[in-house]
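Residues per chain are reported as follows:
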Amino acid sequence: MSGPPTSLSIDDARRRFSEEISEAERAASTRGGLAPADVAALHVAWLGKKQGVLTDLLARLREVPKEEKAAFGAGVNALKQEVEATLARLDETAQGNAARAREAAQAVDVSLPPRLPAIGRLHPLTVVRRRIEAAFRARGYSVADGPEVETDYFNFESLNFPQEHPARDAVDTFFVEDGGEGNEKLLLRTHTSPVQMRTMQRMKPPIRIICPGRVFRKDDIDPRHLPVFNQVEGLAIDEGITFADLRGTLAAFARTFFSGKAEVRFSPTFFPFVEPGVDVAVTCALCSGKGCRVCSGSGFIEIMGAGMVHPKVLAAGGIDPERYTGFAFGMGVDRIALLLHGLPDLRLLIENDLRFLDREWVSEVGS
Ligand code: PHE
């Protein structure tokens, strides 16, 4: 072994080192520059105790002729220092690259469109109730309110229900308390009509109110019955109000709410608090009166009870029946929603199933 090859190999090693670095930098250029792992790999390859190039070079010191040992050793050490310094510098760069990459990964891209908040929708019953309210507000009615827990007096007695009326039975009515000796019975109102009485006792004619609200009856749950449902009560009292006003008002409502061509049909019935009393049907919204499965072929669907306020009820409300007359009506909101949307089952309205609720419940029927 002679001097030149060994000294050459230090130069070779130096050249190879700079080639390897260029190579590594080129390879890393498409992924944001050298990573700490790239530098660590170079560190192992060049300075590693076991197989590092510099460790190998130093091991060859034994083979170098005596007189060249000093120069060779100094040459290897100089290269080692260069390699260490270069790798330290590259490591710093690589750590910087890594920090930048981490930041970029966590950064919020403010140019992306925002995620839309889930804002929900109006319940179909709310849509129907609001449309009923709008139709009556437009005719000068205001919206009144009353309690859901009522007294026997407001729910039945003052509305001329005889003591033995079946609705007053616990079979039909949810009693909250039987009241005990001398105390009044409390119950969940079975209709919104007690608000008629509360309004009469509170206001002087002319009166024009509607009252939307929840009502309760001991019905078994099936597609057409729920023990909790919704009504809108209406009451108009003034001098000279006749059945023609009742008819005109409800016909106008039907045209506003259902369609310009909707008609109303009255059939006599009995409610203790009106005289005469009628069931009110409107042109079936699904078949436009042609007759279909929903209206049992009749072309009409019953949506409310109505009538002229009974003189005894006016008197109980503190209104002189000799001077004033009025009409009242009570419509089923759930039933109207059912008809309007052709729903097969009332239970859809209370089950909170998003597949049902997450629709735009604005009716195409009417305007
Ligand atoms: N309260 C009656 C019911 O629930 C409806 C009604 C209201 C009838 C007003 C006449 C007048 O069935």
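Note that the structure is a prediction, hence the values are computed from the model and not measured.

## Structural notes on the site of the ligand
Here is step 1: Of all residues adjacent to the ligand, which total 14 residues, the nearest are H191, S193, R217, Q231 and G330.
Here is step 2: Separating a nitrogen atom of the ligand from a side-chain N or O atom of H191 is a distance of 3.0 Å.
Here is step 3: In this structure, a nitrogen atom belonging to the ligand sits 2.9 Å away from a side-chain N or O atom of S193.
Here is step 4: Notes on the ligand: free accessible area 320 Å², of which the protein chains cover 90%.
Here is step 5: Breaking the shell around the ligand down by element, the ones donating at least two residues are β6 (228–238), β9 (300–309) and β10 (325–332).
Here is step 6: No other element matches β10, which puts three residues into the shell around the ligand.
Here is step 7: Here the shell around the ligand is built from residues that sort into six nonpolar, six polar and two charged.

## Thoughts on the pattern of salt bridges
Here is step 1: Throughout the structure, instances matching the rule amount to 16 salt bridges.
Here is step 2: When salt bridges that share partners are traced, they join D11, R14 and E82 into one network.

## Regarding the sheet that holds strand β3 (residues 175–177)
Here is step 1: As summarised here, the arrangement of the three strands in space is β2-β4-β3, forming an open sheet in which the pairing is antiparallel. Taken across any chain shown, the strands that pair with only one partner, and hence form the sheet edges, are β2 (149–151) and β3. Within this sheet the neighbouring strands show an average axis-to-axis angle of 40°, counted without direction.
Here is step 2: Sheet topology note: the β3/strand β4 (residues 186–188) ladder contains two bridges and is antiparallel. Each residue of the ladder has a partner; that of F175, found in β4, is L187.

## Quick notes on helix α5 (residues 124–137)
Because an α-helix completes one turn every 3.6 residues, residues spaced three or four positions apart along the sequence face the same direction.
Here is step 1: The end-to-end C-alpha distance of α5, which contains 14 residues, comes to 20 Å, matching closely the 20 Å that a straight helix rising 1.5 Å per residue would cover.
Here is step 2: Among the 14 residues that make up α5, ten are buried, leaving the element largely enclosed by the rest of the structure.
Here is step 3: Residues of α5 that are buried: P124, L125, T126, V127, V128, R131, I132, E133, A135 and F136.

## Quick notes on the environment of S22
Here is step 1: For S22, the position within the fold is in helix α1 (residues 3–28).
Here is step 2: Sequence separation between S22 and F72 is 50 residues; the distance between their C-alpha atoms is 26 Å.
Here is step 3: Side-chain polar atoms of S22 contact the backbone oxygen of S18, separated by 2.9 Å.

## Focus on the packing of aromatic side chains
Here is step 1: For the coordinates displayed, the defined rule picks out twelve aromatic pairs.
Here is step 2: Taking the centre distance of 5.0 Å and the plane angle of 70° together, the rings of F17 and W46 count as edge-to-face. You can see F17 sitting in helix α1 and its partner W46 sitting in helix α2 (residues 36–47), a full 29 residues away along the chain.
Here is step 3: By relative accessible area, F17 is classed as buried at 6%.
Here is step 4: Among the residues examined, W46 registers a relative accessible area of 0% and is labelled buried.
Here is step 5: The interplanar angle of 20° and the centroid separation of 5.0 Å between the aromatic rings of F136 and F253 together place this pair among those described as stacked. A residue pair is termed long-range when its members are at least 10 positions apart, and F136 in helix α5 and F253 in helix α8 (residues 243–257) qualify at 117 residues. Here F136 and F253 have matching classes, each one buried.
Here is step 6: In this structure an aromatic cluster arises from ring pairing among F136, Y141, F253, F257, F258, F327 and F329.

## Description of the domain arrangement of the protein chain
Here is step 1: Under the domain assignment used here, the protein chain contains domain 1 (10–106) and domain 2 (124–365).
Here is step 2: Just the C-alpha atoms count here: the centres of domain 1 and domain 2 sit 90 Å apart.

## Some details on the sheet that holds strand β8 (residues 274–283)
The strands that make up a sheet are held in pairs by hydrogen bonds between backbone atoms, and each pair lies either parallel or antiparallel.
Here is step 1: Read from one edge of the open sheet, seven strands run β1-β5-β6-β10-β9-β8-β7, paired in mixed fashion. For this open sheet the edge positions go to β1 (142–143) and β7 (264–269), each flanked by a neighbour on one side alone.
Here is step 2: Sheet strands in contact with helix α10 (residues 333–341) are β6, β9 and β10, and its direction is about 55° off that of β10.

## Describing the side chain of H310
Here is step 1: Looking at the element boundaries, H310 is found in the loop between β9 and α9 (311–316).
Here is step 2: Among the residues examined, H310 registers a relative accessible area of 17% and is labelled buried.
Here is step 3: Beyond its immediate stretch of four places on either side in the chain, H310 contacts N160, P272, F273, V274 and E275.

## A few points about the nonpolar core
Here is step 1: In terms of nonpolar packing, the biggest core is built from 48 residues, with I132, F253, F258, F329 and M331 touching the most fellow members.
Here is step 2: Non-local contacts of I132, meaning those with residues more than four positions away in its chain, are made with V232, F253, F257, M331, V333 and I336.

## Comments concerning the side chain of T173
Here is step 1: Positionally, T173 belongs in the loop between α6 (152–155) and β3.
Here is step 2: The buried category is assigned to T173, whose relative accessible area is 0%.
Here is step 3: A polar atom in the side chain of T173 sits 2.5 Å from the backbone oxygen of A167.
Here is step 4: Setting aside anything within four residues of it in sequence, one finds T173 in contact with F156, A167, R168, L187, L188, T190 and K218.

Calculation rules
- Residues numbered from 1 in each chain as written.
- Predicted model: local features only at pLDDT ≥ 70, side-chain atom pairs only at ≥ 80, totals over all residues.
- Heavy atoms only, no water.
- Near = heavy atom within 4 Å.
- Polar contact = N/O pair within 3.5 Å; in protein donor to acceptor, adjacent residues only side chain to side chain.
- Areas by Shrake-Rupley, 256 points an atom, 1.4 Å probe, with all protein chains shown as cover.
- Helix = DSSP H or I, 4+ residues; strand = E, 2+ residues; numbered from the N terminus.
- Nonpolar A, V, L, I, M, F, W, Y, C, P; charged D, E, K, R; others polar.
- Salt bridge = Lys/Arg side-chain N within 4 Å of Asp/Glu carboxyl O.
- Pairing = 2+ DSSP bridges.
- Axes fitted to C-alpha atoms, helices over the stretch in contact; angles between N-to-C directions.
- Expected span 1.5 Å × (residues − 1).
- Buried < 20%, exposed > 50% of the residue type's maximum accessible area, 1.4 Å probe, protein only.
- Phe/Tyr/Trp six-rings, centres within 6.5 Å; stacked < 30°, edge-to-face > 60°.
- Domains from an automatic or database assignment.
- Contact = heavy atoms within 4.5 Å.
- Core = buried A, V, L, I, M, F, W, Y, C linked by side-chain atoms within 4.5 Å.

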